[in-house]
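Each chain, letter by letter, is given below.
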Amino acid sequence: MTSGNDLTTLTAAQMAAAVAAGEVSAVELARAHLERIAQTDVQVRAFLHRADDVAMAAARAVDDRRTAGEPLGPLAGVPLALKDVFTTTDMPTTCGSKILAGWQPPYDATITARLRAAGVVILGKTNMDEFAMGSSTENSAFGPSRNPWDLSRVPGGSSGGSAAAVAAYQAPLGIGTDTGGSIRQPAAVCGLVGVKPTYGGSSRYGLVAFASSLDTPGPLTRTVLDAALLHEVISGHDPHDSTSLAAPVPPVVAAARNADVAGLRVGVVTELGGEGYASGVLTRFNEAVELLESLGAKVTEVSCPHFGYALPAYYLIAPSECSSNLARFDAMRYGLRIGDDGTASAEEVMSETRAAGFGAEVKRRIMLGTYALSSGYYDAYYGKAQQVRTLIARDFASAFEQVDVLVSPATPTTAFPIGERADDPMAMYLADLCTIPSNLAGNAAMSVPCGLAPEDGLPVGLQIMAPVLADDRLYRVGAAVENALDQRRGHPLLAEASGIDNAGATAEAGR
Amino acid sequence: MTQTDAAVTSHPVPFEEAVARYDPVIGLETHVELSTAAKMFCGCPTVFGADPNSAVCPVCLGLPGSLPVINKAAIEYTIRIGLALNCSIATWCRFARKNYFYPDMPKNYQISQYDEPLCTDGWLDVEVGGTTVRVGIERVHLEEDTGKSMHVGGSGRIHGAEYSLVDYNRAGIPLVEVVTKPIPGTGALAPDVARAYVAELRDLMRALDVSDVRMEQGSLRCDVNTSIAPTGSAQWGTRTETKNVNSLRSVERAVRTEIERQAGVLDAGGRIIQETRHFNESTGTTTSGRSKEEAQDYRYLPEPDLVPVAPPPEWVAQIRADLPELPAAHRVRVWQQLSWNVLPADKDAIINAGALDLIAETVAAGASPEQARNWWLGELSRRANAKGAELSSLPISPEQVARICGLVDSGDLNNKLARQVLDGVLAGEGSPDEVVAARGLAVVTDAGVLTAAVDDAIAANPDIAAKIRAGKTAAAGALVGAVMKATGGQADAASVRELILARLGQS
């Protein structure tokens, strides 16, 4: 019999193959991961809610289907860590906020439903910055998660809980959401693969909205192929989401298996780099670009002149939408209720509940957005930001006339210490400097590990950006980089993570 | 002078005097609930009177994570309305969020349309007192309805209530808002124009089959804007917006009393505040609501959860081709078919009562236009008004009314008996003939019975009989009365009279 640790260090593709072949049961996989969570989550704090019973029941169902000879999907029986921003009928959904503590939704998000239908075993709900607003999980009302590479550092955010869980071998698959970089940034600082699919490629139905025009669900995994397999399971048109695209899902799994970049035109975005970027980040990024060139890609420099305005535009659009989206949390129908003493008016209860239930960053953004949308300011703020958004989309469009993909560092720095930026929102916002343009334009983007920064030994992410609905290109380039670096190194990068007891997470077991 | 109207004591000026010295300008915003099978953004049914919160889902409850999906039928209905109102139909437009906090708003924003309405710039002709007034239509847009609050205790308003209950069945029902352009120059007719416009709009919605337009159930609701300025003034006055005026009569009264009130304020040297006002159905007066100074900032933004609406031109053309006959054309045609000359005021009364089709159908079933008019505008209107119901909702058909007319014509019923038959039909006792049979209401035609009754009356009134014999036939009325009394009213008065005269040698 295979030991628990051996099981948790397999890739999702390997686990699914083992389940399909009857070499391991889904129940064994689920139990091994639940044990791993029990052992390590005291340190990592990736999960807000562990759903042992739900997970075991789902695993048993997969095993029963296999026994009955029914066909299994490509990820059937594989455990997954679900960001606590997706509704689940059998688990609470809190969005990392006190205002929703204990709320159990009466319906499943489309992503949740698709995962269940595919036989993916949801282990529980993971920590996040409150309502996905943040880059470190420090804005969670339930305390920060820790980076498995160094427990004194943040795992990134807002999908930091899912990233930490996958990096800590608590699950081979994680689902996050990316509004300004909330999948790619934690992936980069945890040494994982993180993908923001094309906006509308994965359904938002049941994803508790932060900024509707930007929110995109996507995978967080340890390998490019695992990300592609998960990408396919969760993608495709959803009649419950008007903004979901009717187009066919790009062939991402095939692309992940065809790691060939010969002749591919790769553009280095000149605006994303230089001052403000950690030297180790730039070193590893430049090496990755050289690596692509050595693999046959044609590398050029491409200018995207309006990217410098992306961050300020984002911090008008996202808060504006959030100020409206979060208005529904008013204590009237669900969630926290404060001050209802029988004499207070509905307005007073709403006000007291929102004052007590939202954290500082959420309040800051609600106020920013309320101001930006107010009469007389709309044109100057929200209107202008939308114009910038159009210009950024045009920058991408003209860049993609010259090249097939764009690359940049995924983040300006590696994982920063917990508390370092907690009182400096601007410093925190800069963590998403490289990722935000793709959210504004709606195109696909990925972060893939490209080594450790020499100065601190922490992971660096290479960001790959592809045109709308050309998500498959991300996987082609990502897989090429992953293959070449793993070969050069002799093991996956994550095998070097030393923050927690990773005995068994060896190179051999990982591949 | 920056006095407010609250600072001066003022008394309403009688209407005739007010409109002699001030010119009113009115405007109407009318909300119409569409009768689509499903709600605006989800699949819940649009039902009236169901158990509270029984027709709801995550979407219309605005639960976290839920998303709206546009009901295409609601777009089609709105385009139908826009085309019937001679509007331009947008080739591309977006929904917008109107943000404000209220417990019956599931999301604390309403999905509506702001600066990109689906239909713009049309008109609707209304007839008032024999003249046609063209009312300009500013826009027709689509939005979702809110839930319905019931405040328990206190005054029934949210402030001071002990507790409140919210029913979300109505939340998400598609609501069309029709906004007129300002309507100047109607003078003393302003209240009638307002009423006629709403009545015409109601008939239009009914003809288009897009709404039940039951004002008493709130499926058609009006906000009435009113301003006045001294006669001949180049500038319009400051307007007030009277909210939730929910019957035709109230629309007329709201305009009238607001003109009277504003004239009083201006006469006293006051200033009209731009504000919303509440209409009190029982007194017919308006009271101050919130003023524009403390008005909400709705922080509109384009709805990011929905893709823009771009109705293909061929679809719009198809909807246009499929439009039914509209009320104005219908009226002209029906009127001509009736080939019946009436005073304009009578025509207005018929149209305002919603009786034209009923009369036409009654005539088609065999009654004379006069008979049909008299029944529908007289007895039946009285009964409808007493019940607060629409004429068309009375449980009697034009065919049944025509049958009653026929029974009167043939002498089987007199007018008094006919009213009793009407009562029976309205009480659900069956057809006119069944009621006649069951209640024994037929006119007494048995010659023996009648002759006996006449002879009894002659014998009991020898003085009167003598006068008649002497040629004073007018005195016969008293004997007719005695016979009618003796037969329980079930004799035909004309026949009785003839019989009396014959028995006394006067025919």
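All values reported here derive from a predicted model rather than from experimental measurement.

K.L.:
Even after reading the chapter, I still don't get the overall build of chain A, so can you show me in this structure?
P.N.:
Scanning chain A from terminus to terminus reveals 18 helices and 11 strands. Computed over its C-alpha atoms, the radius of gyration of chain A comes to 21 Å, within 12% of the 24 Å expected for a compact globule of 511 residues. Projected onto its principal axes, the C-alpha coordinates of chain A cover approximately 65 × 50 × 45 Å. Each of the 511 residues in chain A was classed as buried or not, and the buried ones make up 63%. The contacts in chain A between residues at least 6 apart in sequence include a share of 76% that link residues at least 24 apart.

K.L.:
What exactly am I supposed to notice about the overall build of chain B here?
P.N.:
Each helix and strand counted, chain B has 16 helices and 14 strands in total. For chain B, contacts bridging at least 24 residues in sequence account for 69% of all contacts bridging at least 6.

K.L.:
Even after reading the chapter, I still don't get the interface of chain A and chain B, so can you show me in this structure?
P.N.:
The extent of an interface is frequently quoted as the accessible surface area lost upon association of the parts. Across the contact, 32 residues belong to chain A and 26 residues belong to chain B. Counting residues per element, the ones that place at least two in the side of chain A that touches chain B are α11 (310-325), α12 (346-357) and α13 (360-373) of chain A. When residues in the side of chain A that touches chain B are grouped by element, the largest group, three residues, is from α11 of chain A. Residues that form the side of chain A that touches chain B fall into these classes: 14 nonpolar, 12 polar and six charged.

K.L.:
Which parts of the structure should I look at to understand the environment of Arg419 of chain B?
P.N.:
If you trace the backbone, Arg419 of chain B turns up in helix α11 (residues 415-426). Residue class for Arg419 of chain B comes out partly exposed when judged on the 15 C-beta atoms lying within 10 Å of it.

K.L.:
Would you mind showing me how to read the packing of α11 of chain A against helix α14 (residues 379-402) of chain A here?
P.N.:
Each packed pair of helices is defined by two parameters, the angle between the axes and the distance between the axes. Residues and elements named next belong to chain A. Contact geometry for α11 and α14: axes closest at 9 Å, N-to-C directions at 125°. Here α11 is positioned oblique relative to α14, judged by the angle of their axes. Relative to α14, the crossing made by α11 is left-handed. Note on element contacts: α14 touches α11 through Tyr381, Tyr382, Ala385, Gln386, Val388, Arg389 and Ile392, opposite Ala310, Ala313, Leu316, Ile317 and Ser320. Broken down by class, the residue content of the contact of α11 with α14 amounts to nine nonpolar, two polar and one charged.

K.L.:
Please explain the sheet that holds strand β4 (residues 109-112) of chain B as it appears in this structure.
P.N.:
Adjacent strands of a sheet form backbone hydrogen bonds with each other and so pair up, either parallel or antiparallel. Residues and elements named next belong to chain B. Read across the open sheet, the three strands follow the order β4-β3-β14; overall the sheet is antiparallel. On the outer flanks of this sheet lie β4 and β14 (301-302), each paired with one strand and no other. The pairing of strand β3 (residues 96-99) with β14 spans two bridges and is classified as antiparallel. From the neighbouring strand, Arg97 faces β14, where its bridge partner is Leu301.

K.L.:
How should the pairing of strand β3 (residues 121-126) of chain A be read in this particular structure?
P.N.:
Regular strands place side chains that alternate from one sheet face to the opposite one. All names here are of chain A. Among the six residues that make up β3, six are buried, leaving the element largely enclosed by the rest of the structure. Of the pairings in the sheet, the one linking strand β2 (residues 79-83) to β3 comprises five bridges and is parallel in character. Residue pairing across strands places Leu80 opposite Ile122, the latter belonging to β3. Of the crossover connections in this fold, the one passing from β2 over helix α5 (residues 110-117) to the parallel β3 is right-handed.

K.L.:
Is there a simple way to think about the domain arrangement of chain B in this case?
P.N.:
Partitioning chain B into structural domains gives domain 1 (5-315), domain 2 (327-439) and domain 3 (447-503). If you average the C-alpha positions of domain 1 of chain B and of domain 3 of chain B, the two centres end up 63 Å apart.

K.L.:
What am I meant to see in the nonpolar core here?
P.N.:
Buried together is how nonpolar side chains tend to be arranged in soluble globular proteins. Formed by 246 residues in total, the largest nonpolar core has its most connected members in Leu80, Val121, Ile122 and Ile464 of chain A. If you tally residues by element for this core, the top one is helix α3 (residues 190-208) of chain B, at 10 residues. With residues near it in sequence (within four places) discarded, Leu80 of chain A still touches Leu115, Val120, Val121, Ile122, Leu123, Ala171, Leu173, Gly174 and Ile175 of chain A. Within the second largest apolar cluster, 47 residues are counted, among which are Leu422, Val454, Val480 and Leu499 of chain B.

K.L.:
Where do I start with the sheet that holds strand β9 (residues 405-409) of chain A in this structure?
P.N.:
Residue and element names in this part refer to chain A. Strand order in this open sheet of 11 strands is β1-β3-β2-β4-β6-β5-β10-β11-β9-β7-β8, and the pairing throughout is mixed. Edge positions in the open sheet fall to β1 (47-50) and β8 (298-302), since each of these has one partner strand only. Pairwise comparison of adjacent strand axes, ignoring direction, gives a mean angle of 30° for this sheet. In terms of strand pairing, strand β5 (residues 193-196) meets strand β6 (residues 216-221) through two bridges, oriented antiparallel. Pairing of Gly194 across the sheet is with Leu220, part of β6. Contacts from helix α8 (residues 224-234) reach β4 (173-178), β5, β6 and β10 (444-452) within the one sheet, and its direction differs from that of β6 by about 150°.

K.L.:
Help me understand the environment of Asp456 of chain B in this model?
P.N.:
For Asp456 of chain B, the location among the structural elements is in helix α13 (residues 447-460). In this structure the C-alpha to C-alpha distance between Asp456 of chain B and Val483 of chain B, which are 27 residues apart in sequence, comes to 8.4 Å.

K.L.:
Explain the packing of α8 of chain A against helix α17 (residues 471-489) of chain A here, please?
P.N.:
Residues and elements named next belong to chain A. Contact pair α8 / α17: the axes reach a minimum separation of 9 Å and the direction vectors enclose 155°. As judged from the angle between their axes, α8 and α17 are roughly antiparallel. On the side of α8, the interface is formed by Val224, Leu225 and Ala228, while α17 contributes Tyr475, Gly478, Ala479 and Glu482.

K.L.:
What is the right way to look at unusual backbone geometry in this model?
P.N.:
Glycine aside, residues mostly have negative phi angles, and peptide bonds mostly take the trans form. All names here are of chain A. Between Gly157 and the following residue, Ser158, the backbone shows a cis peptide bond with an omega angle of 10°. Topologically, Ser158 is positioned in the loop between β3 and α6 (160-167). Positive phi outside glycine occurs at Arg45, with the angle close to 55°. Among the secondary structure elements, Arg45 is positioned in the loop between α3 (26-44) and β1.

K.L.:
Sorry, what's going on with α5 of chain A here?
P.N.:
One turn of the α-helix equals 3.6 residues, which is why residues spaced by three or four share an orientation. Residues and elements named next belong to chain A. By the burial criterion, the buried members of α5 are Thr110, Ile111, Thr112, Ala113 and Leu115. Tucked into the core, α5 has its buried residues touching β2, β3, β4, β6 and α8. Downstream of α5 by a residue or two, Gly119 has a phi angle that is positive, lying close to 80°.

K.L.:
I keep staring at the environment of Ala20 of chain A and nothing clicks. Help me out?
P.N.:
All names here are of chain A. Here Ala20 lies in helix α2 (residues 12-21). Residue classification places Ala20 among the partly exposed residues on the basis of 17 C-beta atoms within 10 Å. As for Ala20 and Asp63, which are separated by 43 residues in sequence, their C-alpha atoms are 9.2 Å apart.

K.L.:
Just to check I follow, could you spell out the confidence of the model for chain B for this structure?
P.N.:
Close inspection of predicted coordinates is inappropriate in any region flagged by low pLDDT. Residues and elements named next belong to chain B. This prediction gives chain B a mean pLDDT of 89; 95% of its residues lie at or above 70. Across residues 1-5, where pLDDT falls below 50, the model places 15 contacts with residues more than four positions away in sequence or in other chains. Model confidence for the complex: the whole-complex pTM is 0.88, and ipTM, which rates the interface, is 0.95.

Rules and cut-offs
Residues numbered from 1 in each chain as written. Chains lettered and ligands numbered in written order. Predicted model: local features only at pLDDT ≥ 70, side-chain atom pairs only at ≥ 80, totals over all residues. Helix = DSSP H or I, 4+ residues; strand = E, 2+ residues; numbered from the N terminus. Rg over C-alpha atoms; globule rule 2.2 N^0.38 Å. Buried ≥ 20, exposed ≤ 12 C-beta atoms within 10 Å, placed from the backbone. Contact = placed C-beta atoms within 7 Å. Nonpolar A, V, L, I, M, F, W, Y, C, P; charged D, E, K, R; others polar. Axes fitted to C-alpha atoms, helices over the stretch in contact; angles between N-to-C directions. Parallel < 35°, antiparallel > 145°, perpendicular 65-115°, else oblique. Left-handed = near helix turned anticlockwise from the far one by under 90°. Pairing = 2+ DSSP bridges. Right-handed = clockwise from strand over helix to strand, strands pointing away. Domains from an automatic or database assignment. Core = buried A, V, L, I, M, F, W, Y, C linked by C-beta atoms within 7 Å. pLDDT = per-residue confidence, 0-100.

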